[in-house]
Amino acid sequence: MKTVLLSDTEADLEQAAAWIQKGEVVGMPTETVYGLAADACNPEAVKKVFVAKGRPADNPLIVHISEMEQLPLLVEFVPDLAYRLAERFWPGPLTMILPKKACIPAITSGGLDTVGIRMPSHPIARRLITLSGTAIAAPSGNRSGYPSPTTAAHMLHDLNGRITAIIDGGACQVGVESTVICFESATSIRILRPGYITKEDLEQVAKTVILDSAILHEIQAGQMVRSPGMKYQHYSPKANVILVEGSYAAYCSYISQHVTPHSYALVFDGEEAGLPMPYFTYGKNSAEQAKQLFDCLRRCDEEGAVTVYVRAPERNGIGLAVYNRLIRAAGFEVIQL
Ligand code: TXA
Ligand code: MG
């Protein structure tokens with residue numbers, strides 16, 4: 001199969017929508033990361049997504065909508081709190097887990113009786129969903145385990161020859177995947193995966209916002225997992241990622257003792273002075289770090305890095321999403337200085 005690169009013209013989006021209606025899979029930009037889109041209600045199409053990515057069958061896909069009217073067609077029950085969150089954060093990078101209707105096949109929901117729904121804000125994603133006339137299942141468009149794609153080139157690198165087409169919509173603005181939440185009661189929600197919509201943002205609408213323990217801690221054998229994605233090794237480049245926590249001086253001193261021919265530093269913008277090894281920078285604040293992280297991890301691989309010492313980001317606000325991706329990329333290998 002030759003993977004076709006499409007542009008964002010209406011004619012190209014119509015072509016992409018026609019392929020989705022026929023059960024093919026197409027890469028699409030969203031404001032968070034690129035997704036691998038398929039008709040969420042067509043089990044054969046969704047199967048192609050799992051095969052192309054090499055994704056474990058028990059890891060459910062997020063279903064994307066472009067109109068509020070689609071929501072009650074896909075889920076059994078929409079709590080009042082979900083409507084209020086949608087009003088505040090949709091379209092945008094928030095995914096809500098709700099009880100699924102039978103029209104969502106088991107393959108899409110990874111065998112669960114719930115489904116994650118999100119209304120993206122990216123105009124290309126929205127137009128593609130509308131033209132397709134269906135809800136679109138789309139996991140991040142990377143090979144399973146690898147960092148998520150934030151450009152069409154990243155996605156082509158991972159899935160060239162394995163999918164029908166990719167729509168090139170330029171670089172993603174947010175850079176990390178959506179915030180995933182589930183409902184605990186009429187007034188409380190739980191964050192299963194942190195993202196650009198922060199705990200503090202959600203607290204403006206929900207009385208109680210719980211952070212799931214899997215966000216910062218490794219899942220132990222036998223532990224109940226609310227979000228199957230948390231079980232798997234994720235976001236990892238080929239290089240060995242080591243997360244280093246402490247002051248910049250302590251970081252520099254530590255990596256100076258660990259210089260090898262193919263070791264790289266990944267630090268904040270403005271910290272380049274005096275580093276003892278080649279480096280990349282990934283922004284000076286959490287929003288920039290979210291946007292640049294996955295591209296930086298991929299660039300480390302392009303440079304042939306064997307080990308990457310990452311200066312640990314802040315853990316508050318959007319920083320929690322960046323930290324959550326990094327500890328998984330590092331396989332929970334964190335050096336505390
Ligand atoms: O920003 C995003 O969310 C991107 C773009 C393409 O929209 N999509 C994305 O999908 O990140 P994916 O498949 O890479 O991550 C989906 C996450 C996984 O951790 C999965 O386990 C969790 O959401 N998830 C999906 N459905 C779920 C459900 N019913 N219950 C619990 N967790 C669920
Ligand atoms: Mg993913």
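Worth saying up front: this structure is predicted, and the values here are computed from it rather than measured.

S.K.: Just give me the short version of the packing of helix α1 (residues 10–21) against helix α5 (residues 123–132), but keep the residues and values in it.
M.R.: Packing of α1 against α5 brings their axes to within 9 Å, and their N-to-C directions diverge by 55°. Accordingly, the angle class assigned to the pair α1 and α5 is oblique. α1 and α5 meet at a crossing whose hand is right-handed. Contacts from Glu 10, Leu 13, Glu 14, Ala 16, Ala 17, Ile 20 and Gln 21 in α1 reach Ile 124, Arg 127, Leu 128, Leu 131 and Ser 132 in α5. The residue makeup of the contact of α1 with α5, split by class, is seven nonpolar, two polar and three charged.

S.K.: I'd love a proper account of the site of ligand 1, names of residues and values included.
M.R.: Around ligand 1 sit 24 residues, and of these Thr 32, Asn 59, His 64, Ser 178 and Gly 229 come closest. Interatomic distance of 2.9 Å between a side-chain N/O atom of Arg 193 and an oxygen atom of ligand 1. One nitrogen or oxygen atom from the side chain of Ser 227 is found 3.1 Å from a nitrogen atom belonging to ligand 1. Here ligand 1 has 680 Å² of accessible area as a free molecule, and 96% of this is covered by the chains. Broken down by secondary-structure element, the contributors of at least two residues to the shell around ligand 1 are β4 (62–64) and β6 (114–118).

S.K.: Describe α1, naming the residues involved and giving the relevant values.
M.R.: Given 3.6 residues per helical turn, the α-helix brings residues three or four places apart onto the same face. For α1, spanning twelve residues, the distance from its first C-alpha to its last is 16 Å, which sits close to the expected 16 Å at 1.5 Å a residue. Within the span of α1, buried status applies to Leu 13, Ala 16, Ala 17, Trp 19 and Ile 20. Looking straight down α1, one finds its buried side chains confined to an arc of 160°; they lie on one side. Buried residues along α1 sit in contact with β1 (4–6), β2 (26–28), β3 (35–39), α5, β7 (136–137) and β8 (165–167).

S.K.: Explain the environment of Gln 173 to me, and be specific about the residues and the numbers.
M.R.: Along the chain, the position of Gln 173 falls in the loop between β8 and β9 (179–183). Along the backbone, Gln 173 and Gln 292 are 119 residues apart, and their C-alpha atoms lie at a distance of 9.5 Å. A polar side-chain atom of Gln 173 sits 3.3 Å from a polar atom in the side chain of Lys 291.

S.K.: Summarise the pattern of salt bridges; cite the residues concerned and give the values.
M.R.: Here the structure, examined in full by the defined rule, presents 15 salt bridges. Here Glu 10 ties to Arg 127 by a salt bridge, and the two come within 2.5 Å at their closest N and O atoms. Linking Glu 10 in helix α1 with Arg 127 in helix α5, this pair joins segments that are 117 residues apart in sequence. Taking the relative accessible area as the measure of exposure, Arg 127 reaches 34% and is therefore partly exposed. One salt bridge in this structure joins Asp 212 and Arg 190, with 2.9 Å as the shortest N-O distance.

S.K.: Please provide a residue-by-residue account of the packing of aromatic side chains, values included.
M.R.: Here the structure, examined in full by the defined rule, presents five aromatic pairs. Between the aromatic rings of Tyr 235 and Phe 294, the centroid separation amounts to 5.6 Å while the plane-to-plane angle is 20°, which identifies the pairing as stacked. Here Tyr 235 is found in the loop between β11 (208–211) and β12 (240–245), whereas its partner Phe 294 is found in helix α9 (residues 286–302), with 59 residues between them in sequence. Since its relative accessible area comes to 5%, Tyr 235 is described here as buried. Both rings, one in Tyr 254 and one in Tyr 309, keep their centres 6.1 Å apart while their planes meet at 75°; by these two values the pair is edge-to-face. Of this pair, Tyr 254 sits in helix α8 (residues 248–256) while Tyr 309 is found in strand β15 (residues 307–311), placing the two residues 55 residues apart along the sequence. Per residue, the accessibility class of Tyr 254 equals that of Tyr 309, and both read buried.

Scoring rules and cut-offs
- As a convention, each chain's residues are numbered from 1 in the sequence order in which they are written.
- Both sets of labels track the order of writing: A upward for chains, 1 upward for ligands.
- Selection of residues for local features in this predicted model requires a pLDDT of at least 70, selection of side-chain atom pairs for listing and counting requires 80 or more, and totals for whole chains, interfaces and linings are taken over all residues.
- The basis for the side-chain values is all heavy atoms of the structure; hydrogens and waters are excluded.
- Every axis corresponds to a line fitted to the C-alpha atoms, with the helix fit spanning only the stretch in contact, and the corresponding angles, defined between N-to-C directions, vary from 0 to 180 degrees.
- Secondary structure elements are taken from DSSP: a helix is a run of H or I of four residues or more, a strand is a run of E of two residues or more, and numbering for both begins at the N terminus.
- Here is the rule for angles: anything less than 35 degrees is roughly parallel, anything more than 145 is roughly antiparallel, 65 through 115 is roughly perpendicular, and the remaining ranges are oblique.
- Left-handed describes a crossing whose near helix is turned anticlockwise from the far helix through less than a right angle; right-handed describes the clockwise counterpart.
- Here, residues are in contact when the closest pair of their heavy atoms is within 4.5 Å.
- Three categories are distinguished: nonpolar for Ala, Val, Leu, Ile, Met, Phe, Trp, Tyr, Cys and Pro, charged for Asp, Glu, Lys and Arg, and polar for the others, with Gly belonging to the last.
- Near is defined per residue: the residue qualifies when any heavy atom it owns lies within 4 Å of the molecule or strand.
- Any N or O atom pair separated by 3.5 Å or less is treated as a polar contact, with the protein-specific requirement of one donor-capable and one acceptor-capable atom, and with residues adjacent in sequence counted only for side-chain atom pairs.
- Note on areas: these come from Shrake-Rupley sampling with a 1.4 Å probe, and a residue is covered only by the protein chains present in the view.
- For a helix, the expected span equals 1.5 Å multiplied by the number of residues minus one.
- When a residue's accessible area, from a 1.4 Å probe over protein chains only, is under 20% of the maximum for its type it is buried; when over 50% it is exposed; and in between it is partly exposed.
- Arc definition: it is the arc formed by the directions from the helix axis to the C-beta atoms.
- In the sections that follow, a salt bridge refers to a side-chain nitrogen of Lys or Arg positioned within 4 Å of a carboxyl oxygen of Asp or Glu.
- In this analysis, rings of Phe, Tyr and Trp, with Trp reduced to its six-membered ring, are considered paired at centre separations within 6.5 Å, and the interplanar angle assigns stacked below 30 degrees, edge-to-face beyond 60, and tilted for intermediate values.

By themselves, these are just geometric observations and shouldn't be taken as functional.
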